[in-house]
Amino acid sequence: MSVLLVGPVLVGLAAGYLTGGRLRRLADQPLRGIWLLYAAALGQLLTHVPPGSRLLSAAAQRWLTALVFTTVGIGLLINLPRLSRPARAGIAVALAGAALNAATILPNGHMPVAPAALHHLGAAPTDTTLDPHHAVGTTATRLAALGDTLPVPWLNVVISVGDIVLMTGIALLVAALMHQSRPRATPATLAQD
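The residue count restarts for each chain, going from 1 along the sequence in the order it is written. Given that this is a predicted model, residues contribute local features only at a pLDDT of at least 70 and side-chain atom pairs are listed and counted only at 80 or more, while totals for whole chains, interfaces and linings are drawn from all residues. Hydrogens and water are ignored here; the side-chain numbers use all heavy atoms of the structure.

### Describing unusual backbone geometry
Even without glycine at this site, leucine 143 takes up a positive phi of about 50°. Considering the arrangement of structural elements, one finds leucine 143 in the loop between strand E2 (134-136) and strand E3 (150-152). For asparagine 156, which is not a glycine, the phi torsion comes out positive at approximately 60°. A run of H or I in DSSP counts as a helix once it spans at least four residues, and a run of E counts as a strand once it spans at least two, with each numbered from the N terminus. Structurally, asparagine 156 is set in the loop between E3 and strand E4 (157-159). For every residue, the accessible area (1.4 Å probe, protein chains only) is compared with the maximum for its type, and the residue is labelled buried under 20%, exposed over 50%, or partly exposed between those bounds. The class of asparagine 156 is exposed, set by a relative accessible area of 53%.

Right, here's the structure in full:
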């Protein structure tokens, strides 16, 4: 799954360079609320430790997942006023992808994985091969079409439509930040100076 996290950043960097952006502009962005993203990452880790077993009950997992989504959303939204229109579009697309994933994760307590997609990868459709965030979908799964239904054989993973939208948003955001020369001044930031 790390390829799905790193891949959009690399695509965004390549797109940024190809369209005249520079890495130094990305590094110069004074983003606010970075601690919120670290807190969300910690929340995600809590559901993966120890590996292969559930640390939290299904109800606690659902609440923690909702908290992680909310924290990341707030971390992105508080930066909107300082960003260019293309960067805002990247955030909007990323949030739309996260919302699509949340729409099926929250009512089910996990991301449902289509048995047919697992079978396509040559995996037996059982929960024993999945991490605590995923479970094999059943006829009782709510909004199963938004779950992990798309097999990616060359990565040996199954992804969702929300993942594709989210990764597109991340790539757009990275590329846009490589073009943004300085943060936009707003009345609130002018008052602080």
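There's more to say after this.
### Topic: the nonpolar core
Among the nonpolar cores identified, the biggest contains 7 residues, and these are Leu76, Leu83, Ala87, Ile91, Leu173, Ala176 and Leu177. Elements with a contribution of two residues or more to this core: helix H5 (85-108) and helix H7 (161-177). Setting aside residues no more than four positions away along its own chain, leucine 76 makes contact with Ile91 and Leu95. Put simply, buried Ala, Val, Leu, Ile, Met, Phe, Trp, Tyr and Cys residues joined by side-chain atoms within 4.5 Å make one nonpolar core. The next biggest cluster of nonpolar side chains, apart from the first, holds 6 residues, and it includes Val113, Leu118, Val136 and Val158. By the convention used here, residues are in contact when the closest approach between their heavy atoms is within 4.5 Å.

### Focus: a nonpolar patch on the surface
Residues enter patches when they are more than 30% accessible in relative terms and free of salt bridges; like-charged ones are connected within 9 Å and nonpolar ones (Val, Leu, Ile, Met, Phe, Trp, Tyr) within 5 Å. For the area figures, the Shrake-Rupley method with a 1.4 Å probe applies, and any residue is considered shielded solely by the protein chains shown. The term salt bridge refers to a side-chain nitrogen of Lys or Arg lying within 4 Å of a carboxyl oxygen of Asp or Glu. Taken together, the side chains of Leu31, Ile34, Trp35, Leu37, Tyr38 and Val72 define a hydrophobic patch exposed on the protein surface, amounting to about 590 Å² of accessible area. Counting residues per element, the nonpolar patch draws most heavily on helix H3 (residues 34-46), at 4 residues. Along the chain, valine 72 falls in helix H4 (residues 58-77).

### Topic: the packing of H5 against H7
The angle between the axes and the distance between the axes are what describe a pair of packed helices. In contact at an axis separation of 7 Å, H5 and H7 are set at 160° when each is read in the N-to-C sense. It follows that H5 is roughly antiparallel to H7 by the angle criterion. The chirality of how H5 crosses H7 is left-handed. Across from Pro86, Ala87, Gly90, Ile91, Val93, Ala94, Ala96, Gly97, Ala98, Leu100 and Asn101 in H5, the residues of H7 making contact are Val161, Gly162, Asp163, Val165, Leu166, Thr168, Gly169, Ile170, Leu172, Leu173, Ala176 and Leu177. Residues are grouped as follows: Ala, Val, Leu, Ile, Met, Phe, Trp, Tyr, Cys and Pro are nonpolar; Asp, Glu, Lys and Arg are charged; all remaining types, including Gly, are polar. Residues that form the contact of H5 with H7 fall into these classes: 16 nonpolar, 6 polar and 1 charged. Axis lines are fitted through C-alpha atoms, for helices just across the contact stretch, and the angle between N-to-C directions can take any value from 0 to 180 degrees. If an angle is under 35 degrees, it is roughly parallel; if it is over 145, roughly antiparallel; if it lies from 65 to 115, roughly perpendicular; otherwise it is oblique. When the near helix sits turned anticlockwise from the far one by under a right angle, the crossing is termed left-handed; a clockwise turn instead gives a right-handed crossing.

### A short note on the environment of threonine 71
By the element assignment, threonine 71 lies in helix H4. In contact with threonine 71, not counting residues within four places along its chain, are Leu36 and Ala40. Within the structure, the side chain of threonine 71 is placed 2.7 Å from the backbone oxygen of leucine 67, a separation counted as a polar contact. Any pair of N or O atoms that falls within 3.5 Å is considered a polar contact. Within protein, one atom must be able to donate a hydrogen and the other to accept it, and sequence-neighbouring residues count only if both atoms are side-chain atoms.

### Focus: the confidence of the model for the protein chain
For every residue, the predictor assigns a confidence score, pLDDT, that lies between 0 and 100. Per-residue confidence for the protein chain averages 79 on the pLDDT scale, and 79% of its residues sit at or above 70. Looking at the elements of the protein chain, mean pLDDT is at its lowest for helix H8 (residues 187-192), recorded as 50, and at its highest for H7, recorded as 92.

### Section: the environment of alanine 98
Mapping alanine 98 onto the fold places it in helix H5. Taking the relative accessible area as the measure of exposure, alanine 98 reaches 16% and is therefore buried. Considered as a pair, alanine 98 and aspartate 163 are 65 residues apart in the sequence and their alpha carbons are 7.5 Å apart.

### Description of H7
The first and last C-alpha atoms of H7 sit 25 Å apart over 17 residues, in line with the 24 Å expected at 1.5 Å per residue. Of the positions making up H7, those classed as buried are Gly162, Asp163, Met167, Gly169, Ala171, Leu173, Val174, Ala175, Ala176 and Leu177. Near the N-terminus of H7, the side chain that reaches the backbone nitrogen of glycine 162, with its oxygen 3.3 Å away, is that of serine 160. Expected span of a helix, by definition, is 1.5 Å for each gap between consecutive residues, and there is one gap fewer than residues.

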